Structure formats: C-alpha cells, structure tokens
Amino acid sequence: MISLTARYFDGRTSASHQVTASLHDDGTLRLVGAGIDRRGPLTAVRIADRLGNVPRALWLPDGAKLETPDNDAVDAMVATLPPGRRALGLVHRLERQWRFALGALAVTAVLAFLGVEYVLPAAAERVAMLAPVELEHALGEETLEALDGTLFAPSELPPETAGSVIVRFEHLRRAVGFDAALRLELRSAPAIGANAFALPGGILVVTDELVTLLEDDYDALAAVLAHEVGHVLERHSLRAALQSSATALLIASVLGDVTSLSGLAATLPTVLVDARYSRRFEADADREAIRILLRMGVSPAALATALEAIERSHGGAGEVPGYLSSHPPTADRLERARAAAVTGRVPGKD
Ligand SMILES: [Zn+2]
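Residues numbered from 1 in each chain as written. Predicted model: local features only at pLDDT ≥ 70, side-chain atom pairs only at ≥ 80, totals over all residues. Heavy atoms only, no water.

**Points about the overall build of the protein chain**
Heads up, the condition is: The helix and strand labels rest on DSSP assignments: H or I over at least four residues marks a helix, E over at least two residues marks a strand, and numbering proceeds from the N terminus. When accessible area is computed with a 1.4 Å probe and restricted to protein chains, residues below 20% of their type maximum are described as buried, those above 50% as exposed, and intermediate ones as partly exposed. Contact definition: two residues touch when any of their heavy atoms are within 4.5 Å. For the area figures, the Shrake-Rupley method with a 1.4 Å probe applies, and any residue is considered shielded solely by the protein chains shown.
A tally of regular secondary structure across the protein chain gives 13 helices and 11 strands. Relative to its 350 residues, the protein chain shows a buried fraction of 45%. Expressed as a percentage of contacts within the protein chain between residues at least 6 apart in sequence, the contacts between residues at least 24 apart total 62%. On the protein chain, roughly 17400 Å² of surface is accessible, and the fraction owed to carbon and sulfur atoms is 58%.

**Examining the side chain of Arg 168**
Selection criterion: Definition of a polar contact: a pair of N or O atoms within 3.5 Å, with one able to donate and the other able to accept a hydrogen when the atoms are protein atoms, and with sequence-neighbouring residues admitted only if both atoms are side-chain atoms.
Residue placement: Arg 168 occurs in helix α4 (residues 159-176). A distance of 3.2 Å separates the side chain of Arg 168 from the side chain of His 171, its partner in a polar contact. Contact partners of Arg 168, with chain neighbours within four places excluded, come to Tyr 218, Asp 219, Ala 222, Met 296 and Val 298.

**Regarding the sheet that holds strand β10 (residues 196-199)**
Under the convention used in this document: Two strands pair under a simple rule: DSSP has to find at least two bridges between them. Interaxial angles span 0 to 180 degrees and are taken between N-to-C directions of axes, which are lines fitted to C-alpha atoms, for helices over the stretch in contact.
Read from one edge of the open sheet, four strands run β8-β9-β11-β10, paired in mixed fashion. Since the sheet does not close on itself, it has two edges, and those belong to β8 (153-154) and β10, each with one partner. Sheet topology places β8 next to strand β9 (residues 183-188); two bridges connect them, and they run antiparallel. Bridging from a neighbouring strand, Pro 154 pairs with Arg 187 of β9. Where helix α3 (residues 133-148) meets the sheet, its contacts fall on β9, β10 and β11 (203-207), and the angle it forms with β9 comes to roughly 10°.

**A few points about the packing of aromatic side chains**
We count it as follows: To pair, rings of Phe, Tyr and Trp, with the six-membered ring standing in for Trp, must have centres within 6.5 Å; the planes then decide the type, stacked if under 30 degrees apart, edge-to-face if over 60, and tilted in the middle. Two conditions define a charge sitting above a ring: the NZ of Lys or the CZ of Arg must be within 6 Å of the ring centre, and it must be within 35 degrees of the ring normal.
Scanning the model with the defined rule gives one aromatic pair in all. With a centroid separation of 5.8 Å and 50° between ring planes, the pair formed by Phe 152 and Phe 197 is classed as tilted. Separated by 45 residues along the polypeptide, Phe 152 in the loop between α3 and β8 and Phe 197 in strand β10 bring together distant segments of the chain. Against the face of Phe 9 rests Lys 65, its NZ or CZ located 5.5 Å from the ring centre.

**Notes on the environment of Val 211**
Take Val 211: it is sitting in helix α5 (residues 208-213). Other than its neighbours up to four places away in sequence, Val 211 contacts Leu 157, Thr 161, Val 165, Leu 186 and Val 206.

**Focus on the confidence of the model for the protein chain**
Operational definition: Within a predicted model, pLDDT stands for the predictor's per-residue confidence, ranging from 0 to 100.
This prediction gives the protein chain a mean pLDDT of 79; 75% of its residues lie at or above 70. No element of the protein chain has a lower mean pLDDT than helix α12 (residues 323-326), at 49, and none a higher one than β8, at 95. Within the model, the stretch residues 317-325 combines pLDDT values under 50 with 24 contacts to residues more than four positions away or in other chains.

**A look at helix α6 (residues 218-233)**
Here is the rule: For a helix, the expected span equals 1.5 Å multiplied by the number of residues minus one.
Compared with an ideal rise of 1.5 Å per residue, which puts 16 residues at 22 Å, α6 spans 22 Å between its outermost C-alpha atoms and is within 8% of the ideal. Most of α6 is tucked away, with 13 of its 16 residues classed as buried. Within two residues after α6, Arg 235 carries a phi angle of roughly 55°, on the positive side.

**Quick notes on the sheet that holds strand β4 (residues 36-41)**
If you trace the seven strands from one edge of the open sheet to the other, you get β4-β3-β2-β1-β7-β6-β5, paired in antiparallel fashion. Edge strands, defined here as strands with exactly one partner in the open sheet, are β4 and β5 (46-47). Summarising the sheet, strand β1 (residues 2-9) and strand β7 (residues 65-68) pair through three bridges and their orientation is antiparallel. Along β7, the bridge assignment pairs Arg 7 with Glu 67. Docked against the sheet, helix α1 (residues 71-79) engages β1, β2 (16-23), β3 (28-33), β5, β6 (56-59) and β7, running at close to 110° with respect to β1.

**A few points about the packing of helix α10 (residues 279-296) against helix α13 (residues 331-343)**
A pair of packed helices can be characterised by two numbers: the angle between their axes and the separation between those axes. Here is the rule: For classification, angles of less than 35 degrees are called roughly parallel, those exceeding 145 degrees roughly antiparallel, those between 65 and 115 degrees roughly perpendicular, and all remaining angles oblique. Each crossing is labelled by how the near helix is turned from the far one, with a counterclockwise turn of less than a right angle marking it left-handed and a clockwise turn marking it right-handed.
Two elements in contact, α10 and α13, have axes whose closest approach is 11 Å; the angle formed by their N-to-C orientations is 20°. As the angle between them shows, α10 and α13 are arranged roughly parallel. Seen along the crossing, α10 lies across α13 with a hand that is right-handed. Contact residues: α10 offers Arg 279, Glu 282, Ala 283, Asp 286 and Ile 290, while α13 offers Asp 332, Arg 333, Arg 336, Ala 337 and Ala 340.

**Observations concerning the pattern of salt bridges**
Put simply, the rule reads: We define a salt bridge as a side-chain nitrogen of Lys or Arg found within 4 Å of a carboxyl oxygen belonging to Asp or Glu.
Under the criterion given, the structure shown has 19 salt bridges. Put simply, Glu 282 and Arg 333 hold a salt bridge, and the shortest N to O gap is 3.7 Å. Of this pair, Glu 282 sits in helix α10 while Arg 333 sits in helix α13, and the two are 51 residues apart along the sequence. In terms of burial, Glu 282 and Arg 333 fall into one category: buried. Here Glu 308 ties to Arg 338 by a salt bridge, and the two come within 2.8 Å at their closest N and O atoms.

Set out below in structure tokens:
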C-alpha cells in the first residue's frame, strides 16, 4: 500500500483540509481526513506530470483536488497503473503542450538568431558572389530607375564642378585597377542631403549636396567614392538586399536559380536608403577605401575628414535620412583611417 499526505480542496470552496491518501492493492484510492472519507479507482484520477519537486496536483472526477509535495509517492502510484491508463486529462495535456510550445519557441528563437547572425550573411555572400555580372547590372539599372522616379532629380551642378568631379572619379577608377565596371551618376537629392550610394553593377551615385559639401576638398570626395567602391567590390548592396529578402535567397541558394534574384530590384532602393550596412560591411569598405587612396597617393585621413564633414552637414543627428543612417562614422572608423594615414598601410581584418 502506498500512502501520502496531501491538501484536499473540495472544488467548491478555497478551504483546504489535510488528508491521507492511500492506494490499496486493488487499485482503490482512499482519502481520509477530518470529516472526509472518500474512495474510488485511481484510474479515475487525473494526475499532473512531475515537474521537478513542484507540489503535484491530482484531480478527482467531481472537481475536487489533491495537492502533495510527495512526488515520489505519486510516481509510485502512477507506476501501478497499466500503461494505457496513465493517459492524461485534457487540462493536463494542454499544460504539457504549453510547455512544449514554450520550448519550441525558445529553440526557434535560438535558430533564428543563429540564422540571421551567421547563416543568412554567409548564404547571401555566396549567392551574391555567384550572381552573374549581367544580373547585377540589370539590378543596378532598375534600382537607379526606381530612385530617379522618387528621391533623385537630375544634377544641377555647374558643368565645371561636375567636370572636376568626373576627373577625380576617373583618377580613382584607374587606381581601383579592375577595368572598372564603375560608373558615376550625379543626382540632386535635397531630401537625403549629402550622400553617396553604391548600386549593384558598380553604379556610384553621388548627390549634388555631397559634391557641394566637399567641393573644396577633392581628396575627401575621392575618399567617399573609394569607400563606395569598397561596397561595390564586396557586392554589399546585393548581399544586403539578399539578407533582407530571405525568400529570394532561399530560392536562389536551394534551387540554384539566380533568375529569382531579379525580384530584388523592388527591395533594393529601400535597402540602400533605409537599411544600415552592418559594421562589418562598413569596416570592409573602409579597408578597401584606404587601399585605393594609398594607391592614388591620397592620405587615408581624407576618409576621416569626409565622414566628419558629412556628419556635421547632417547636424550630427542620426535621425536624418542620409549618409549617416547607412554609414555611421563611429570613432573606430575615424581612428582606423587616421592610423592608416600614419602607417601608410591597409588595416587588417578585425
Ligand atoms: Zn558605407
């Protein structure tokens, strides 16, 4: 005979009574306490699962409840039931499912975190590097077209200013070295202010506002362009779009069908204007910029100068849509550029 002491609730009042519950050899559970003497088959009792040493509940068919800390005795009672009769009641099943759901949620959150943090960027990089050049060009053209219909207007720079920017750009293009599928596009963009974008396929867009801001400092302008070239070489815009469009990425990497990427043109303008590049993308683009500047014979300190000038032009506020939102000039970026100016060397990877 297995016995345990429990608190007995009759299911109608909140009062509890101390009882002794004994399981007899014939499977009868008997409850005895002050004014209480009840008996019935244990098979009619719903018994909660063990949850560590949390007091255990046993429900009688009429709604009365037992609560006991004696989990071992309850386990011993459960063990006497034929396996088929250890089935759980509805409340109990829900409780189990709830716990299962909570566990599943935690697992999902961890997987999602790992996916976003590691798997997604790696897959995006792989797909972006495999994407055919023609596709990238098409995406770049479509994105520029979309931006021309919204944020961009034709450049209003005086021809001689535009001319000297183009000369600087050609100088930079030679320094980049790869027979540069690079193209410079000048645009007026009052809404976003001093800014530069690297579209897929090597299209560099520079706003009139940026040129005006850095007009007297063509080294600083070259530094911004070199940074954008860094984004081009690493295919950051395509990778960022892929990371933000996990479905397209999934189709492309699982089916090997890169034509599905053409749908990305719809998301690219948003990605480029609103989304931040990751700190790693920025650091990689800076590293490339420093390499190019050194090859041009321009001090990498120009990059720090440019970043600070742009920050000032936006009032130092991160709220302003524009260069800062996608290229926050963190202290370590300024530091790296200035250090490279002293050492004359490209900083290593973090
Ligand atoms: Zn950047």
